[in-house]
Amino acid sequence: MNEVAHTDFEQMLRRALAPVDPPEHLKTRLESTLQEITDAAVDELESWEIGAMRDPRNWVRPVVATAAGATAGTALVILRVRAQRKKHQAASKNPLDLAQRTLRAARDEARKLARHDD
Amino acid sequence: MEPKDKARLDREFSELYSSHLRDVYSYAYYRVGNHHDAEDLTEQTFLQAYRHFERAQAESHGRPLRPWLIRIAHNLAANLYRDRARRPQAPIDDTTVLSAMHTTEDLVEGRDELARIIAGIKHLPEERREALIMRFALGMDNREIARAMGKTDGATKVLLHRAIKQLEEIVKTS
């Protein structure tokens, strides 16, 4: 195939693979999700109350906020808390006690890191 | 992280999102072949990008982040297919693609050949198809494609050349 035909083919290819606009509902959904995660990352880490965490169903949002809101620092918190988990398991009276110890440890590690950053 | 740093990061992420939403969606659509999965893939791509944005920015040394975004989408798409334990069927919705053409003249003169090209793309090996999507749907240059695919510039140039040649052959014989 000669050069002109080759260029024509590439033009056809460009038309065949025309960019596709994302649907409006996707934009709305995605922007709202990103906004929620951004806000949650700030708010929920600031007001992290053990009392509100008795129900395991409430654990998801702070974890998501933690993962999304801060990067290396929070990853470090999670690693440190995981490292302490065996110790907590041995010391815990029941699953709720273990959850509270784990959350307390996460909060303490986050504070340590915050102090370290200051 | 200081609040002002977080505010700056969020603002810059928002710019990245606005600039490249269409790119990510186009890539996702041509990669998975339907709007439903393309929406999920686009959403997951930006959520993962947000999570790792600070590090990516630090490691980019000022280079554009589009290849990094597309690489995330590429990895997520690969996971999607692996999880479903099947090969990509790529049932590209021809009506949507053809509706991107604007004029009546286009519709009359080009429809048949475009349809054959779209059908031909489906028969390309995955890597070649991806390279063509990045070049022609997203307008990425060789260097950007190389970064997105984790290849050298030279290997990318060869990959694109072979992809176009193979597609030409497919269209010619169809």
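Bear in mind the structure is a predicted one, so any value in this text is a computation, not a measurement.

Before going further, it helps to spend a moment on the overall build of chain B. Of regular secondary structure, chain B possesses eight helices and zero strands. Out of the 174 residues belonging to chain B, those deemed buried represent 33%. In chain B, the share of contacts with a sequence separation of at least 24, taken over all contacts with a separation of at least 6, comes to 67%.

With that settled, the discussion passes to the overall build of chain A. When its secondary structure is counted, chain A shows five helices and zero strands. Counting from the amino terminus, chain A carries its helices and strands in the arrangement α-α-α-α-α. Residues counted as buried form 19% of the 118 residues belonging to chain A. Considering only contacts within chain A whose residues lie at least 6 apart along the sequence, 54% involve residues at least 24 apart.

With that settled, the discussion passes to the confidence of the model for chain B. Regions with low pLDDT should not have their predicted coordinates read in detail. Residue and element names in this part refer to chain B. For chain B, per-residue confidence averages 85 on the pLDDT scale, and residues scoring 70 or more make up 83% of the total. When pLDDT is averaged over each helix and strand of chain B, the minimum, 45, is found for helix α4 (residues 94–99) and the maximum, 96, for helix α7 (residues 142–149). The low-confidence segment residues 90–107, where pLDDT is below 50, has 23 contacts with residues more than four positions distant or belonging to other chains. As a predicted assembly, this complex carries a pTM of 0.66 together with an ipTM value of 0.80.

All names here are of chain B. Look at helix α6 (residues 126–137) against helix α8 (residues 153–173): their axes get within 9 Å of each other, and the N-to-C directions meet at 100°. If you check the angle between α6 and α8, you find them roughly perpendicular. Two secondary-structure elements touch here, α6 through Glu 127, Arg 128, Ala 131, Leu 132 and Arg 135 and α8 through Thr 156, Leu 159, Leu 160, Arg 162, Ala 163 and Gln 166. Taken together, the residues of the contact of α6 with α8 sort by class into five nonpolar, two polar and four charged.

One can find Arg 147 of chain B in helix α7. For the pair Arg 147 of chain B and Trp 68 of chain B, spaced 79 residues apart in sequence, the C-alpha to C-alpha distance is 7.4 Å.

The rules we used
- Residues numbered from 1 in each chain as written.
- Chains lettered and ligands numbered in written order.
- Predicted model: local features only at pLDDT ≥ 70, side-chain atom pairs only at ≥ 80, totals over all residues.
- Helix = DSSP H or I, 4+ residues; strand = E, 2+ residues; numbered from the N terminus.
- Buried ≥ 20, exposed ≤ 12 C-beta atoms within 10 Å, placed from the backbone.
- Contact = placed C-beta atoms within 7 Å.
- pLDDT = per-residue confidence, 0-100.
- Axes fitted to C-alpha atoms, helices over the stretch in contact; angles between N-to-C directions.
- Parallel < 35°, antiparallel > 145°, perpendicular 65-115°, else oblique.
- Nonpolar A, V, L, I, M, F, W, Y, C, P; charged D, E, K, R; others polar.

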